[in-house]
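Given next are the chains, with one letter for each unit.
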Amino acid sequence: MGSVSTVGTPGAAGAGAPGGGPGGRGGRRRVRLPRGRGLLLAAAALVLAGTTLVAALPGGGAAAGAGSAAGQAAPAGQVSSGDDLPLAGPQLCDGRPVDASLPPARDPGDAVAAIRARNQLRVGIDLNSYLWGYREPDSTRIVGFDIDLVQAIAEDLLGENPDIVYLAIPTAQRTQAIQEGTVDMVVRSMSITCDRWQDVAFSTAYFETGQQLEVPRNSSITGFDESLDGARVCSAAGSTASRLLQEQSHGAQLITQPNHLDCLVQVQLGLADALMTDTALAAGHLAQDPSMRLVGQRLTDESYGVAMNLANTDLVAWVNAVLEDYRAGGEDSQWRQSFDRWLAPYLYDGRRDPPPTPPEPEYLEGGLVD
Amino acid sequence: MTHSPTAPPTSPPAAAAATAPQDGPPSPASAASQEPPRRSPWAYKAGQLRAALRTEPGRLRLIGAAIALLLLLFGGVTVWQVSDRTAAAATVIDSSQPLSTGAAEIYRALVDANTAAATGFLAGANEDPDVRQRYEDDIDNAARRLAAAAADSSGSDEAQEYITFLNQRLPVYTGLVEIARANNRQGLPLGGAYLRYANEQMQESLLRTADELYQLETRRFEQDMGEAKRWPWVATGVGLGTLLVLAWAQRRHYLRTNRVFDPGLLAATSAALVLLLWLTGAHVLARSALNDASTGAARSLSALNGAWTEALKARGDENLNLVARGASTEFEDSYTEHMNTLLGPDPEQVAGLLGEAEELADDADGLAPVRAAVAATQEWRTRHQAGREQELAGAYDEAVARAIGGPHSPGATTGQSFAQVNASLGEAVRHEQEQFTAAADRGRGRLGGLRVGAVALALLAVLGTALGVGRRLAEYR
């Protein structure tokens, strides 16, 4: 499907735009509703933003009415800090939705040409994220939901049996690796935030998630409320969860660990009573320890995106085009197949939840940076 | 008091009169004599003494008694001080140095176990039985040494506290390693998180305590060593004083009788002189031997033990870095730090603890294993660099193969280099330990016999004094 590239040629225009310039963006930027098919998408997006962003993906079987999730998850006084905390509801960076990206286009520019000349795609991933990116037991294959997407992008760029180099990148070095060109892109369950937009460019969202509490099966904790009083709650240092808990602890004692998986260790060893992380990573926890469960409402709305260099607008538009195809096809979409393979057992309860659908893309008018 | 009181029973008023007019502050002597009704035995004795001093035989008797007392004192002080030092040397050899070495070995066994756990984890289901065995042996070894250290009654309360703590935490650590292993076998990344946690417990709780135990035992060892090396000032002082008194007595004798030699006193002088020379000579030699032990072998041992630990830690970090699968650079940074401590930051030069150990090695047998360790460490560093480059290029399996071998192994792994470093350092430590024990034994041996000799020589000298003075006294009968 190479016919999606209908909206101008932002790849060529954006290639001239220098990467960086963190101060001067936002003035001209508006969300433009794409024509034709875009109108339908936009209508859907508006409905979503207005009512049920959360409904796009059922949260860990515990997602009751999505509307109530959005309502409850934004307690009074917390929405104002939305620039740091991606709380429920549409989040804007300088007036544009945080997960809006360049319109899809397959117009090879410098970046795509370089990848094709090399005939190799270098991708920063996580090798420790169960279900998302990890090494299959007793084999050397790297698999997961993120990896499926990488595979699709690489095949689209390089053809059948593409040469992909997977580089395990520490969380703290993701943006650096992109800026220095060590990797072409990072596909590593990376949330799209306004802060990160300063340093890297994101594709449209490919997964929606949010922070939620995870507890052992027999726990008396019922959610992000008074039941936390006196409990020890673990979160990864510097994470959204950790900031959420610092802002409103509900009487819980906070424990920070370097990594969300370290928190699962703490809970299993009885050193913590609960942990908070996003539902996507929590799915990996539940898969590794079936005695854990998610409780309460999802507290934030976050989207995962493919991160790339701000200057590589051709690549960003290309990846967005790949994502269009990846999401298309309803129940038979590649996205849905990957979801069913990796995440459905842990994040989808067919009896209660609406069928899982990929997030609707939002597109920008004009380049990424002014 | 220039006058001497006459017969004590009749003279209290005289004594009182002699002291009272002086009108000074009341002295104890005057206080005693101002109690006319009764006379203390001391005063009576003092009177006798004064009476004796008026006659030459009396004076001779007094001189003889004083010399004999000094000689006995010299002998006694010598026995006392030499006993102290011999005991300190024995404590060093039999207790405090082994305790310090034992603490170092507990520490090393723990580090080794942690390293073996990481190595085995890295191999996952393909774990080499040898690696598993090594881990088991290390834990066994640490537990056995802890039990031995706990049973050692010479250990202080403080040491016992550390040992109890280690005994409590060791099973917790092994439990964590087993959880890590079980998860890892199922291919769950959670296993890696458990291994990281186990490593953290090892570094921050077990090893920290083991290090404190080692520092404590080493301080005690150094203290005992200092005791053993301390110069016996009192004995030498008394000895010199005795010789001076003997010389004075013989000069007085010469001036009074014109006889040059009194054979008895001469024999006493010779015996005292021999004892003094023996005392000083033995201590000079013992101190030199103990210095060999404490500044030679013990310093080498300290550098080698340090190097060994650093090598083990660097190896552990190297493997943990691969276990972390790029989750952070923490372990690679720690590896670099340990490698730099081990060999110095400049790959072209030999510095760090191994450089220090090389400088301290004072014989060919000691130098050879250190040189071998240096060469193997340099090779290790080069191989690690190659492996790290592969890891950074995304060739994870090749990087693992470079570390622990396996199907993709290039044939020359960092594991092999490390095994050589490990073996060479083990040999070097054994050699220096032998050197230490030999030197310390030598030092202790040089004080041997001195106690018996001191008693014999002092008695001999007393006998000579008695004979010499007795012969002169006989002339007055």
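Residues numbered from 1 in each chain as written. Chains lettered and ligands numbered in written order. Predicted model: local features only at pLDDT ≥ 70, side-chain atom pairs only at ≥ 80, totals over all residues. Heavy atoms only, no water.

This part takes up the overall build of chain A. In terms of regular secondary structure, chain A is built from 13 helices and 19 strands. Put simply, chain A has 370 residues, and 56% of those count as buried. The contacts in chain A between residues at least 6 apart in sequence include a share of 74% that link residues at least 24 apart. Accessible surface computed for chain A: about 14,300 Å², of which carbon and sulfur atoms make up 50%. (Helix = DSSP H or I, 4+ residues; strand = E, 2+ residues; numbered from the N terminus. Buried < 20%, exposed > 50% of the residue type's maximum accessible area, 1.4 Å probe, protein only. Contact = heavy atoms within 4.5 Å. Areas by Shrake-Rupley, 256 points an atom, 1.4 Å probe, with all protein chains shown as cover.)

In this section: the sheet that holds strand S12 (residues 211-216) of chain A. Residue and element names in this part refer to chain A. One open sheet holds the five strands; their spatial order is S14-S13-S15-S12-S16, and the pairing between them is mixed. Since the sheet does not close on itself, it has two edges, and those belong to strand S14 (253-257) and strand S16 (292-295), each with one partner. Taking the axes of each pair of neighbouring strands and ignoring which way they run, one obtains an average angle of 35° across the sheet. With four bridges connecting them, S12 and strand S15 (residues 274-278) associate as antiparallel partners. Along S15, the bridge assignment pairs Gln-212 with Thr-277. Together, S12, strand S13 (232-236), S14 and S15 form the strand contacts of helix H8 (residues 240-247), whose direction differs from that of S13 by roughly 140°. (Pairing = 2+ DSSP bridges. Axes fitted to C-alpha atoms, helices over the stretch in contact; angles between N-to-C directions.)

Averaged over all residues, the pLDDT of chain A is 79; the fraction at 70 or higher stands at 74%. Here residues 1-84 of chain A is modelled with pLDDT under 50, and outside its nearest four sequence neighbours on either side it reaches 132 contacts, counting other chains as well. (pLDDT = per-residue confidence, 0-100.)

Another aspect to go through is the pattern of salt bridges. Residues and elements named next belong to chain B. A complete count under the given rule lists 33 salt bridges over all chains for this structure. Glu-217 is the salt-bridge partner of Arg-220, the closest N and O atoms lying 3.8 Å from each other. Of the two residues, Arg-220 and Glu-217 both sit in helix H7 (residues 190-229), three residues apart, roughly one turn of that helix. Considered together, Arg-220 and Glu-217 belong to a single accessibility category, that of buried residues. Between Arg-388 and Glu-391 there is a salt bridge, with the nearest N and O atoms lying 2.8 Å from each other. On the criterion of helical spacing, the pair formed by Arg-388 and Glu-391 is a turn pair, its members being three residues apart in helix H12 (residues 364-392). Glu-391 carries the same exposure label as Arg-388, and that label is buried. When salt bridges with common partners are traced through the structure, they connect Glu-56, Arg-59, Arg-252, Arg-256, Arg-472 and Glu-475 into a single cluster. (Salt bridge = Lys/Arg side-chain N within 4 Å of Asp/Glu carboxyl O.)

With 172 residues, the main nonpolar core has Met-185, Tyr-206, Phe-207 and Leu-343 of chain A together with Leu-110 and Phe-436 of chain B as its most contacted residues. It is helix H4 (residues 56-123) of chain B that provides the largest number of residues to this core, a total of 17 residues. Each of domain 1 (1-210 + 301-370) and domain 2 (211-295) of chain A contributes no fewer than three residues to this core. Beyond its immediate chain neighbours, meaning those up to four positions away, Leu-343 of chain A contacts Leu-131, Trp-132, Phe-145, Phe-207, Ala-283, Ser-338 and Tyr-348 of chain A. Leu-243, Leu-450, Ala-461 and Val-462 of chain B belong to the second-largest nonpolar core, a separate cluster that totals 27 residues. (Core = buried A, V, L, I, M, F, W, Y, C linked by side-chain atoms within 4.5 Å. Domains from an automatic or database assignment.)

Residue and element names in this part refer to chain A. Across five bridges, S13 lies against S14 in parallel orientation. Opposite Ser-235, over in S14, you have Thr-256 as the bridge partner. Traced from S13 through H8 to S14, the parallel crossover comes out right-handed. (Right-handed = clockwise from strand over helix to strand, strands pointing away.)

Our next topic: the state of the cysteines. Residues and elements named next belong to chain A. Summed over all chains, the structure comprises two disulfides over all chains. Sulfur-sulfur distance for the disulfide between Cys-93 and Cys-194 comes to 1.9 Å. The disulfide joining Cys-93 to Cys-194 has a torsion of about -85° about its S-S bond and is therefore left-handed. Taken together, the residues span a long stretch of sequence, with Cys-93 in strand S1 (residues 92-93) and Cys-194 in helix H7 (residues 194-197) at a distance of 101 residues. Two residues share a disulfide in this structure: Cys-234 and Cys-263, whose sulfurs sit 2.1 Å from each other. In this structure, the disulfide formed by Cys-234 and Cys-263 twists by about -70° around the S-S bond and is classed as left-handed. Residue Cys-234 is found in strand S13, and its partner Cys-263 is found in helix H9 (residues 260-268); the two are separated by 29 residues along the sequence. Of the residues examined, Cys-263 reaches a relative accessible area of 1% and is grouped as buried. Across chain A, the disulfide pattern expressed with sequentially numbered bonded cysteines is 1-2, 3-4. (Disulfide = S-S within 2.5 Å.)

All names here are of chain B. Per-residue confidence for chain B averages 87 on the pLDDT scale, and 90% of its residues sit at or above 70. The element-level mean pLDDT for chain B is lowest in helix H1 (residues 12-19), coming to 42, with helix H10 (residues 330-343) highest at 95. Here residues 1-33 is a poorly scored stretch, pLDDT under 50, and it has 11 contacts once near neighbours within four places are set aside; other chains count. Two numbers describe this predicted complex: its pTM, 0.77, and its ipTM, 0.72.

Another aspect to go through is the packing of helix H9 (residues 263-323) of chain B against helix H13 (residues 396-404) of chain B. Residue and element names in this part refer to chain B. Between H9 and H13, whose axes approach to 10 Å, the crossing angle comes to 160°. In terms of their interaxial angle, H9 and H13 are classed as roughly antiparallel. As for the relative orientation of H9 and H13, their crossing is left-handed in sense. Judged by residue contacts, Arg-315, Asn-319, Leu-322 and Val-323 of H9 engage Tyr-396, Ala-399, Val-400, Ala-403 and Ile-404 from H13. The residue inventory of the contact of H9 with H13, partitioned by class, reads seven nonpolar, one polar and one charged. (Parallel < 35°, antiparallel > 145°, perpendicular 65-115°, else oblique. Left-handed = near helix turned anticlockwise from the far one by under 90°. Nonpolar A, V, L, I, M, F, W, Y, C, P; charged D, E, K, R; others polar.)

This part takes up the sheet that holds strand S10 (residues 200-202) of chain A. Strands belonging to one sheet form pairs held by backbone hydrogen bonds; the direction of such a pair is parallel or antiparallel. Residue and element names in this part refer to chain A. Spatially, the five strands line up as an open sheet ordered S8-S4-S9-S18-S10, and their pairing is mixed. A single partner strand is all that each edge strand has here, and the edge strands are strand S8 (164-168) and S10. Bridge count between strand S9 (residues 185-186) and strand S18 (residues 307-309): two bridges; the pairing is antiparallel. Note that in S18 the partner of Val-186 across the bridge is Ala-307. Sitting on the sheet, helix H11 (residues 313-327) is in contact with S9, S10 and S18, with an inclination near 155° to S18.

Turning to the environment of Glu-204 of chain B, a few remarks are in order. Residues and elements named next belong to chain B. Counting through the fold element by element, Glu-204 comes out in helix H7. Here Glu-204 falls in the partly exposed class, since its relative accessible area comes to 47%. Distance from Glu-204 to Ala-307, taken between C-alpha atoms, is 20 Å for residues 103 residues apart in sequence.

Counting from both sides, the interface comprises 26 residues of chain A and, opposite them, 25 residues of chain B. Each partner contributes to the roughly 2,000 Å² buried at the junction of chain A and chain B, and carbon and sulfur atoms together form 56% of this total. The tally of links from chain A across to chain B stands at two salt bridges. Salt-bridge contacts for Asp-262 of chain A lead to Arg-196 of chain B; the nearest nitrogen and oxygen are separated by 3.1 Å. (Buried area = accessible area lost by both parts, 1.4 Å probe.)

Residues and elements named next belong to chain B. As for its position among the elements, Thr-236 is in helix H8 (residues 233-257). Within the local environment of Thr-236, its side chain forms a polar contact with the backbone oxygen of Pro-232, the two atoms lying 2.8 Å apart. In contact with Thr-236, not counting residues within four places along its chain, are Trp-231, Leu-276, Leu-279 and Thr-280. (Polar contact = N/O pair within 3.5 Å; in protein donor to acceptor, adjacent residues only side chain to side chain.)

Turning to helix H4 (residues 110-118) of chain A, a few remarks are in order. Residue and element names in this part refer to chain A. Taken together, the buried positions of H4 are Ala-111, Val-112 and Ile-115. Each buried residue of H4 lies within a common arc of 95° when the element is viewed along its axis, so the set occupies one face. In H4, the exposed residues that point more than 90 degrees away from the buried face are Asp-110 and Ala-117. On its buried face, H4 sits against strand S4 (121-125), helix H5 (145-158) and H11. Just past H4, the residue Asn-119 takes up positive phi, approximately 55°. (Arc of directions from axis to C-beta.)

This brings us to the packing of aromatic side chains. Residues and elements named next belong to chain A. Applying the stated rule across the entire model yields 17 aromatic pairs over all chains. Ring plane angle 50° and centroid distance 6.3 Å describe the contact between Tyr-206 and Tyr-304, whose orientation is recorded as tilted. Highlighted residues: Tyr-206 in the loop between S10 and strand S11 (207-209) and Tyr-304 in strand S17 (residues 302-304), separated in sequence by 98 residues. When sorted by exposure, Tyr-206 lands in the same class as Tyr-304, which is buried. Its end group placed over the ring of Tyr-348, Arg-336 keeps NZ or CZ at 6.0 Å from the ring centre. (Phe/Tyr/Trp six-rings, centres within 6.5 Å; stacked < 30°, edge-to-face > 60°. Lys NZ or Arg CZ within 6 Å of the ring centre and 35° of its normal.)

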